[in-house]
Amino acid sequence: MKLKLRIWRQSDAAAKGKMVAYELDDVSEDASFLEMLDVLNERLIGEGDDPVAFDHDCREGICGSCSLVIDGQPHGPQGATTTCQLHMRKFKDGDSIDIEPWRAGAFPVIKDLVVDRSAFDRIIQAGGYISAPTGTAPDAHAAPIPKQDADAAFSAAACIGCGACVAACPNGSGMLFMAAKVAHLGLVPQGQPERATRVLGMVAAHDQAGFGGCTNAGECAAACPKEIGLDVIGRLNRDFRKAATRAA
């Protein structure tokens, strides 16, 4: 298929960026979206031009590295799918596709489609851990956990930290990411010792990083490739109110 691409190009964090148009012929519908960009970059390199910079790693939908806004949608038009798992069969011959980086104050552009997501790391450092002693793995049934809690923790732990929730949110909030981390640790016995300090520390780190506030728009859950729901935000809010009251 033949495609027209409009891609955000920005040489560095201080430079002014712009959309640049490219045309690409003979794109296989079986190629992934990132493979299509690989083909474009091979051509650009052959022509002596600077290739388009974009994040990627596993290309299996589990690492959270890929981070593109495709035609205004984080990760593109296919729901519950990361950019690397999006295939060109979702597009038609002759389509014009806009490709941009995550847009959020807390995710400054480094180059082209690459953004700095280290703000997520600082949120994790503020409380995304447990103090369980290391050593031999305990027996799987040593600490009984109700199935409902185990299932909810597992669903929250599916978060890959890609940042699509932030890119989709009209406020640039990282609440869904943070709430998923708070929920999956707070639902299991191992996460109880730090439960109060965790939520207070992570919310403070979130706000200090420049993320916006959550107003329950719901765009984050709609864009999440792992289909994490808004219920984790409700759980975070309840934990935060309890922890803040006790700390007052």
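About the criteria used
- Sequence positions are assigned chain by chain, starting from 1 and proceeding in written order.
- Since the coordinates come from a predicted model, pLDDT governs what is reported: local features require at least 70, and pairs of side-chain atoms require 80 or more to be given and counted, while whole-chain, interface and lining totals use all residues.
- Computation of side-chain values covers all heavy atoms of the structure but excludes hydrogens and water.
- UniProt positions are given in the numbering used here, feature names are shortened, and annotations may be inferred rather than shown by experiment.
- The numbering of helices and of strands both runs from the N terminus, where a helix is a DSSP run of H or I of at least 4 residues and a strand a run of E of at least 2.
- By this rule the span expected of a helix is its residue count minus one, scaled by 1.5 Å.
- Three labels apply to residues, based on accessible area from a 1.4 Å probe with only protein chains included: buried if under 20% of the type maximum, exposed if over 50%, partly exposed otherwise in between.
- The directions from the helix axis to the C-beta atoms are what the arc is built from.
- Residue contacts are defined here by distance: any two heavy atoms, one from each residue, within 4.5 Å place the two residues in contact.
- A pairing counts as a salt bridge when a side-chain nitrogen of Lys or Arg comes within 4 Å of a carboxyl oxygen of Asp or Glu.
- For our purposes a nonpolar core is just a set of buried Ala, Val, Leu, Ile, Met, Phe, Trp, Tyr and Cys residues, chained together by side-chain atoms within 4.5 Å.

As recorded in an unreviewed UniProt entry, the chain goes by Succinate dehydrogenase/fumarate reductase iron-sulfur subunit and comes from Glycomyces endophyticus. Taken directly from UniProt, the Sequence similarities (unreviewed entry) text for the chain runs: "Belongs to the succinate dehydrogenase/fumarate reductase iron-sulfur protein family."

Student: Is there a simple way to think about helix α8 (residues 231-247) in this case?
Tutor: Because each turn of an α-helix spans 3.6 residues, side chains separated by three or four positions in sequence point in the same direction. Spanning 17 residues, α8 covers 24 Å between terminal C-alpha atoms, matching the ideal 24 Å at 1.5 Å per step. For α8, the full list of buried residues reads Val-232, Ile-233, Leu-236, Asp-239 and Ala-243. For α8, the angular spread of the buried residues around the axis is 125°, confining them to a single face. Summarising the geometry of α8, the exposed residues directed more than 90 degrees from the buried face are Asp-231, Arg-241 and Thr-245. Those residues of α8 that are buried lie in contact with α3 (147-157), α5 (175-186), α6 (195-208) and α7 (219-223).

Student: Can you walk me through the pattern of salt bridges in this structure?
Tutor: Side-chain pairs of opposite charge can arise whenever the charged atoms involved come near each other. Under the counting rule described, the total for this entry stands at 13 salt bridges. As a salt-bridge pair, Asp-98 and Arg-6 come within 3.0 Å of each other at their nearest N and O atoms. In this pair, Asp-98 is assigned in strand β5 (residues 96-100) and Arg-6 in strand β1 (residues 3-9), connecting sequence segments 92 residues apart. Classification of Asp-98 by relative accessible area gives partly exposed; the value is 21%. The class for Arg-6 is partly exposed, based on a relative accessible area of 35%. Here Arg-89 and Asp-30 are joined by a salt bridge, their closest N and O atoms 3.3 Å apart.

Student: Just checking my understanding: could you explain the environment of Gly-172 for this structure?
Tutor: Along the chain, the position of Gly-172 falls in the loop between α4 (164-168) and α5. For Gly-172, a relative accessible area of 12% gives the class buried. Sequence separation between Gly-172 and Gly-213 is 41 residues, and the spatial gap between their C-alpha atoms is 7.7 Å. Filtering out sequence-adjacent residues up to four positions away, Gly-172 remains in contact with Val-166, Phe-211 and Gly-212.

Student: Can you help me understand the nonpolar core in this one?
Tutor: Among soluble globular proteins, nonpolar side chains are generally buried collectively. With 42 residues, the main nonpolar core has Phe-107, Ile-123, Leu-176, Met-178, Phe-211, Val-232 and Leu-236 as its most contacted residues. Ignoring any residue separated from it by four or fewer positions in sequence, one finds Leu-176 in contact with Cys-165, Cys-220, Ala-221, Cys-224, Ile-228, Gly-229, Val-232 and Ile-233. By size, the runner-up hydrophobic cluster in this structure holds 26 residues, among which are Ile-7, Leu-24, Ala-31 and Phe-91.

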